[in-house]
Amino acid sequence: MNARHRYLVYGLVIESELPLTSVHDAAADDRPADITILTGSPDYFAAVARPAPGDPEDWIEHAVLDDGRVYLKASEVFEAMISADGRTATCRKLSDVEQRALEANLLNFVVSASLTLQGEEALHATVLDMGGRAVGLLGESGAGKSTLAAYLISRGADLITDDMLRVEFIDGAMLAHPGPYRLKLLEGPATSFLPDAVSDGHFNALSGKIMVRPRRDSRRHRGSAPLAALFHIGSPDEQATTVSSRQLSGLELARTLLSSAMDTRYAKSSRMERQIRFAARVADLLPVHALRYPRTVAALDGVAREIRRAIGV
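Turning our eyes to something else, we now look at the sheet that holds strand β1 (residues 5-9). Backbone hydrogen bonds are what pair the strands of a sheet, in a parallel or an antiparallel way. Taken in spatial order, the 8 strands make up an open sheet running β3-β1-β2-β4-β8-β7-β6-β5, and their pairing is mixed. On the outer flanks of this sheet lie β3 (24-25) and β5 (60-64), each paired with one strand and no other. Bridge count for β1 against β3 is 2 bridges, and the pairing is antiparallel. What sits directly across from Leu8, in β3, is His24. Against the sheet, helix α2 (residues 99-117) touches β1, β2 (12-16), β4 (35-39), β5, β6 (70-74), β7 (78-82) and β8 (88-93), its axis set at about 20° to β7.

A separate point is the pattern of salt bridges. With the rule as written, the count across this model stands at 18 salt bridges. Between Arg277 and Glu273 there is a salt bridge whose closest N-O contact spans 3.1 Å. Remark: Glu273 and Arg277 occur in helix α7 (residues 269-285); sequence separation between them is 4 residues, near one turn of the helix. Relative accessible area serves as the criterion here: at 54%, Glu273 is assigned to the exposed category. Between Arg305 and Asp301 there is a salt bridge, and its shortest N-O distance comes to 2.5 Å.

Reading guide: rules and limits
- Residues numbered from 1 in each chain as written.
- Predicted model: local features only at pLDDT ≥ 70, side-chain atom pairs only at ≥ 80, totals over all residues.
- Heavy atoms only, no water.
- Pairing = 2+ DSSP bridges.
- Helix = DSSP H or I, 4+ residues; strand = E, 2+ residues; numbered from the N terminus.
- Contact = heavy atoms within 4.5 Å.
- Axes fitted to C-alpha atoms, helices over the stretch in contact; angles between N-to-C directions.
- Salt bridge = Lys/Arg side-chain N within 4 Å of Asp/Glu carboxyl O.
- Buried < 20%, exposed > 50% of the residue type's maximum accessible area, 1.4 Å probe, protein only.

Below you can see the structure in the form of structure tokens.
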């Protein structure tokens, strides 16, 4: 058996045979592991009978096996088999991919799939600390969440999590758990808004983005934070001419939250009821706004003012 390391990320204790460099050590945390990551051999995966791949245009292969296990394969990065209860993921590296790129994919796809199997709903979101209040940015990939986050960080905010948001409902609040302290950015926004971070960053050839630590002095482990609001930023092609926000409700709110789910490839019908309950719980506790703005640098100061107005800071 390989040696196991213990890490803390997304409020979870992860025990892993694969060493991870982008998350905090949890050797002193004696809680049982929430997820265990094991290393699997090529023979282990060759022996797995799985359905034929689905959409050939999808770079993630996702298959639910008859016994409830989930098989994942990210092209040229990793493949993984996740137990039906989501507690154990057996993984292997597929190529000479750089360690930080491997970890970014494992901690996104494998952990989110594990949480789905454990009955949780994580959101595809970037979350920031703005004046002591946690604000989540929702939107489809490419909508501009990370670009807006980089701008807000350059104006005093700090990163809580990027890509995946795991929440807990405690004492009438919706707590956001911190993820790995890294932000994925295209070169333009990275050099424009966080030039000091770029010099210490890493170019990820798989995504075409630079992974940066937004603030070099933010090395301590950040605790979970109560969310003040979520903002859905829409798609860049909506042609907004002014900065505006409005609070969502009803079916529009439900659709926004459902479309912001992680692990969207897991489509078992039993999940839908859970997602609707999750959306209802979010709606009871937290304002969710539709945020629309022109995709120009000149508009971003107005976007920052609108977010601060909406959350009262």
